[in-house]
Structures are given as C-alpha cells and as structure tokens.
Amino acid sequence: SAYASMARETARKIGLVQQRAGVAVGTFYGRFPDKDALLLYWYERFFKRGRVTFDRAFSDTMWEGRPAAEVIRGWVQSRVLHYRKNRKLLKALLLYVRGRPAPEFKPYAAQLQLPALQRLSGLLNARRHEWHHTDAQRAIPMAVVMTESSIQSVVVFSDQRADLPSMSDAELVDQLTDAMCAYLRVS
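Residues numbered from 1 in each chain as written. Predicted model: local features only at pLDDT ≥ 70, side-chain atom pairs only at ≥ 80, totals over all residues. Heavy atoms only, no water.

Undergrad: Explain the nonpolar core to me, please; I cannot follow it from the model alone.
TA: As a rule of thumb, nonpolar side chains are buried together in soluble globular proteins. Judged by nonpolar contacts, the single largest core of 35 residues is most densely connected at Trp75, Val76, Leu120, Leu124, Met180 and Leu184. Secondary-structure elements contributing two or more residues to this core are helix H3 (35-57), helix H5 (68-85), helix H6 (87-99), helix H7 (105-125), helix H8 (136-156) and helix H9 (169-184). When sequence neighbours within four positions are dropped, the list of residues in contact with Val76 reads Thr147, Ile151, Val173, Leu176, Thr177 and Met180. (Core = buried A, V, L, I, M, F, W, Y, C linked by side-chain atoms within 4.5 Å. Buried < 20%, exposed > 50% of the residue type's maximum accessible area, 1.4 Å probe, protein only. Helix = DSSP H or I, 4+ residues; strand = E, 2+ residues; numbered from the N terminus. Contact = heavy atoms within 4.5 Å.)

What follows is the structure, given as structure tokens:
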C-alpha cells in the first residue's frame, strides 16, 4: 500500500539519521507524537531543500538574456531530474497524500510550491513579448500543472502505466518543453 511504501522509505532514512546521530530508535521516534507528524517532518525538509535548489537554479542572473524557451527547458529539465533523483520518496509521498487524505499536507505543499511558481512566472512574464497565450494569468500555473502531472506519470508511476511510450529523460524533457512552449504559444 502507499502508506506501507512511505513507512518503509521513511524507516530506512530514519535508520540512517539515527546511526549518524548515534541515538536509539525510541529516542528518535519519541520526538514525534504520531506517524503523520513524522511524515510531515520529512515532507517539510524535502520541500525546503528543493526550494533552496530551485532558488539557486532560477535566479535572475542565471537566466538574464535567455529566451523564454530556454527558461522553460531549464525548468522542465530541473523537474525531470528532481523527480528522477527522488522517485521513491516522491512516489511514497504522492501515494500517501492521495490515498490517505491528510489535510495538513495540502496547504503546506502549496506554501512551499507557491514561491517556485512565482519565480517561474516572474522569469516568463519578464519575457511576455515572447509568448502569446490569451490568458496570461492562468497560463503559467496551468502549464506547470500539466507538466508536473506528465512528469509524475512518466517518471514516478511509469511502472503502473502500460500505455506510456518508453523514452529517456532527455526525450521527456524535449517532449514536455515542446508541449509547454506550444501551450504558452512561445514564438
């Protein structure tokens, strides 16, 4: 089950942390009132680290003078690599949140994901003359949702989908960059 998968991955990581810290299992688990609190802790750390990485990779200076299509490709590539690198943890988190609704996860996820969306929107809106979607306010968030969902299907849940064509990460980046550019009508 999703919860069991998440619990196994979490227990493995806890074992590593516990060994490094030189503390007993009970001492570690005693810091959390229940499993949901422990999972929320891991979720929080995971997304905070991801946000720091994203902020570094998508600074204004890094993308200065580059066209919208390159910004989009860079974003898609970073997302594919992120999902590939953290596939097991992300699968467990996504299955856990989907299969066992925990209301505290959704607002927290939104709080952590919103700055990344705002950063990408800022970079693309600075290049607004290069893309021509008629609903600029909704276009970027919708493009992000479509792209993230596609990456999740192909990278995280590919073992559950027989209808997906086999492709390398580079091919996936190409396909999703083309799709996002087409949706935003990048010229």
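Undergrad: Which parts of the structure should I look at to understand the environment of Trp42?
TA: Tracing the backbone shows Trp42 in helix H3. The exposure class of Trp42 is buried, given its relative accessible area of 11%. Spatially, the C-alpha atoms of Trp42 and Lys13 are 9.5 Å apart, while their sequence positions differ by 29 residues.

Undergrad: What should I look at first to understand the packing of aromatic side chains in this one?
TA: Between two aromatic rings, the relevant description is the distance of the centres plus the angle of the planes. Taken as a whole, this structure holds two aromatic pairs when the rule is applied. Look at Phe58 and Trp63: their rings are 5.3 Å apart centre to centre, the planes differ by 10°, and that puts the pair in the stacked class. You can call Phe58 buried: its relative accessible area is 1%. For Trp63, a relative accessible area of 6% translates into the label buried. What links up through ring pairs into an aromatic cluster is the set Phe54, Phe58 and Trp63. Above the ring of Trp63, the side-chain terminus of Arg66 is found at 4.8 Å from the ring centroid. For Arg128, the ring lying beneath its charged end belongs to Trp131, and the centroid distance is 4.0 Å. (Phe/Tyr/Trp six-rings, centres within 6.5 Å; stacked < 30°, edge-to-face > 60°. Lys NZ or Arg CZ within 6 Å of the ring centre and 35° of its normal.)

Undergrad: Where do I start with a nonpolar patch on the surface in this structure?
TA: On the surface, a nonpolar cluster with roughly 240 Å² of combined accessible area is contributed by Met142, Val145 and Met146. Residue position: Val145 is located in helix H8. (Patch = residues over 30% accessible without salt bridge, like charges linked within 9 Å, V, L, I, M, F, W, Y side chains within 5 Å. Areas by Shrake-Rupley, 256 points an atom, 1.4 Å probe, with all protein chains shown as cover. Salt bridge = Lys/Arg side-chain N within 4 Å of Asp/Glu carboxyl O.)

Undergrad: Would you mind going over the packing of H5 against H9 with me for this structure?
TA: Relative orientation and spacing of two packed helices are given, respectively, by the angle between their axes and the distance between those axes. Two elements in contact, H5 and H9, have axes separated by 9 Å at closest approach and are oriented at 135°. Regarding the angle of H5 to H9, the classification is oblique. Crossing handedness for the pair H5 and H9: right-handed. Facing Ala69, Ile72, Arg73, Trp75, Val76, Gln77, Val80 and Arg84 of H5, the residues of H9 in contact are Asp169, Leu172, Val173, Asp174, Leu176, Thr177, Met180, Cys181 and Leu184. Residues of the contact of H5 with H9, tallied by class, amount to eleven nonpolar, two polar and four charged. (Axes fitted to C-alpha atoms, helices over the stretch in contact; angles between N-to-C directions. Parallel < 35°, antiparallel > 145°, perpendicular 65-115°, else oblique. Left-handed = near helix turned anticlockwise from the far one by under 90°. Nonpolar A, V, L, I, M, F, W, Y, C, P; charged D, E, K, R; others polar.)

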